[in-house]
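Chain residues, written in single-letter form:
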Amino acid sequence: MSEKHLDKIISLCKRKGFVFPNSEIYGGLKASYDYGPLGVELKKSISDKWWKIMTNNHENIVGLDSSIMVHPDVWEASGHISNFNDPLVDNKDNKKRYRVDDLLSQQKTKVLELLCENMSINFEQDEIIEIICRELLEKENKHDGVLEKSGVIDPFSGNVGKWTAPSQFNLMFKTNSGPSEKTGKSIFLRPETAQGMYINYLLVQNSMRLKVPFGIAQVGKAFRNEIIARNFIFRTREFEQMEMQYFVHPENDQESMDFWKEQRMDYYINELGIKKENLKFHKHSEDSLAHYAKEAFDIEYNFPFGWGEIEGIHNRTDFDLKEHEKMSGKNMMYFDALKNEKYHPFIIETSTGLNRQFLMILCESYYEDNENNRVVLKLPFDLSPNKTVVCPLIKKDGLPEKAKEIFMKVNNRYKSIYDEQGSIGKRYYRQDEAGTPFGITIDHDTLNDNSVTIRERDSMKQHRVGIEKIFDFIDDNK
Ligand code: GAP
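Note that the coordinates shown come from a computational prediction; the quantities given were computed from them, not determined experimentally.

Undergrad: For this particular structure, what's the right way to read the pattern of salt bridges?
TA: It is possible for side chains of opposite charge to pair when their charged atoms get near one another. One pass over the full model with this rule turns up 34 salt bridges. Arg 413 is the partner of Asp 475 in a salt bridge, and the nearest nitrogen-oxygen pair spans 2.7 Å. Here Asp 475, found in helix H18 (residues 470-477), pairs with Arg 413, found in helix H15 (residues 399-413); they are 62 residues apart in sequence, far enough to count as distant. Exposure remark for Asp 475: the relative accessible area of 30% places this residue in the partly exposed category. When its relative accessible area of 45% is taken as the criterion, Arg 413 is described as partly exposed. Because the salt bridges share partners, they merge into one network encompassing Glu 192, Arg 316, Asp 320 and Glu 349.

Undergrad: For this particular structure, what's the right way to read the sheet that holds strand E23 (residues 462-466)?
TA: Strands belonging to one sheet form pairs held by backbone hydrogen bonds; the direction of such a pair is parallel or antiparallel. Spatially, E20-E19-E21-E22-E23 is the arrangement adopted by the 5 strands of the open sheet, whose pairing is mixed. Whereas interior strands pair on both sides, the edge strands pair on one side only; in this sheet they are strand E20 (416-418) and E23. With direction set aside, neighbouring strand axes in the sheet form an average angle of 25 degrees. Where strand E21 (residues 438-442) meets strand E22 (residues 451-456), 4 bridges bridge the pair, whose relative direction is antiparallel. Across the sheet, Phe 438 pairs through a bridge with Glu 456, a residue of E22. With respect to the sheet, H15 is in contact with strand E19 (388-392), E20, E21 and E22, its orientation differing from that of E20 by roughly 165 degrees.

Undergrad: Any chance you could explain the packing of helix H6 (residues 109-119) against helix H7 (residues 128-138) here in plain terms?
TA: Each pair of packed helices can be described by the angle between their axes along with the distance between the axes. Here H6 crosses H7 at 40 degrees, and the two axes come no closer than 11 Å. Considering their axes alone, H6 and H7 lie oblique with respect to each other. As for the relative orientation of H6 and H7, their crossing is left-handed in sense. Along its contact with H6, which presents Leu 112, Leu 115, Cys 116 and Met 119, the element H7 presents Ile 128, Ile 129, Ile 132, Glu 135 and Leu 136.

Basis of the calculations
Residues numbered from 1 in each chain as written. Predicted model: local features only at pLDDT ≥ 70, side-chain atom pairs only at ≥ 80, totals over all residues. Heavy atoms only, no water. Salt bridge = Lys/Arg side-chain N within 4 Å of Asp/Glu carboxyl O. Helix = DSSP H or I, 4+ residues; strand = E, 2+ residues; numbered from the N terminus. Buried < 20%, exposed > 50% of the residue type's maximum accessible area, 1.4 Å probe, protein only. Pairing = 2+ DSSP bridges. Axes fitted to C-alpha atoms, helices over the stretch in contact; angles between N-to-C directions. Contact = heavy atoms within 4.5 Å. Parallel < 35°, antiparallel > 145°, perpendicular 65-115°, else oblique. Left-handed = near helix turned anticlockwise from the far one by under 90°.

The structure is reproduced here in structure tokens:
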């Protein structure tokens, strides 16, 4: 799938009511999107599915809905105030701003080689861009002017940039609220939902009488002032995360990491139906680990613009709990009454973006059926915003009345849409693009023999089915 497909998917999203550009009447707000009628249904189905698999299927995992805004010390303790940064450079010529790693990833190999030579770095190393970034930030004075000297091109102008020294840019959105004036500290919009689960973990454990190992799951909004937000809904400044924090005995961290890695990859293949060849693990090198992690794996999907992270699985050790203990002065240890043992559990985290899963599912489902001159969204039945479209063949002879009667019945069980506008072929094609798996058509024979035509989205096959057998047919073929 090529970049061109992404443009087609973006256009389909707007046309069919999945995703709209935000604030369009005011010229839009960059990297901000609204989810339309079909989009909210799809997003909700993805999140419900994740929730069911992560909570209902595990008797020791429970849910939480913590606040977006928390005490500012939470971010001091978690390390987000000092460490949650991206390195930035500006081109003084045209005032364009870039994330250094992103800028370097767009350079030709010979530019990177020269840059390494000028910085006395061995080019033949894994994750070379991360190594360069770290060196640039740590030894800013030593490498003054090195980007320009090495011929680093500004992708916007196509010329060598007049680059400023790289500087760190904190990704958290700062705001003020009542308590911040009192304490003299700023309030932040959370950049991850995880911290809400850490600061509440003993309350959750006690109230639910949980024993290690146990997990806390949460779905909610997170905010990051991303320098470069792009690729449609892949990277935005406001997004939703689905995170699960699994609290284990420190001796069992590796076993738990292995378990969750397998579970999560299995989820994408067997629950969401993503093709194996479109998924892979990416292990983080020591240099690229987040400040809290001992080990981390990403699950990546092969998007039209290349491989991109959809989920992170992290061994966060006891870092967060110990830091909150230090900052708050409150004991954050778990007490195992059976073994009479007190300890800080290690945390194995699975963290995925709901919006990225949404985009992955659209990319995976988008299909151009050139033979039949149509676009089909081959969404799995349980994710399709509408499961059926109910249509009277024509708008007269009592067919709309009968069709509405059938629609009410079907819609009661499977969310459906009623459509009597245009030719039946056009109506089917409209719904193929929206991912609706079945079309149910009421014709003159229906009035005599109580049967309807059910048309399948993917194969376009049509079947004559008795009205009382509609649900059996859908259940057997969904
Ligand atoms: N609590 C750990 C954590 O937040 P992360 O790897 O920074 O880890 C986890 O983020 C997931 O959140 C990513 O795999 C991605 O799916 C999603 N995500 C992160 N930043 C995002 C952004 N700017 N826009 C959309 N999704 C994002």
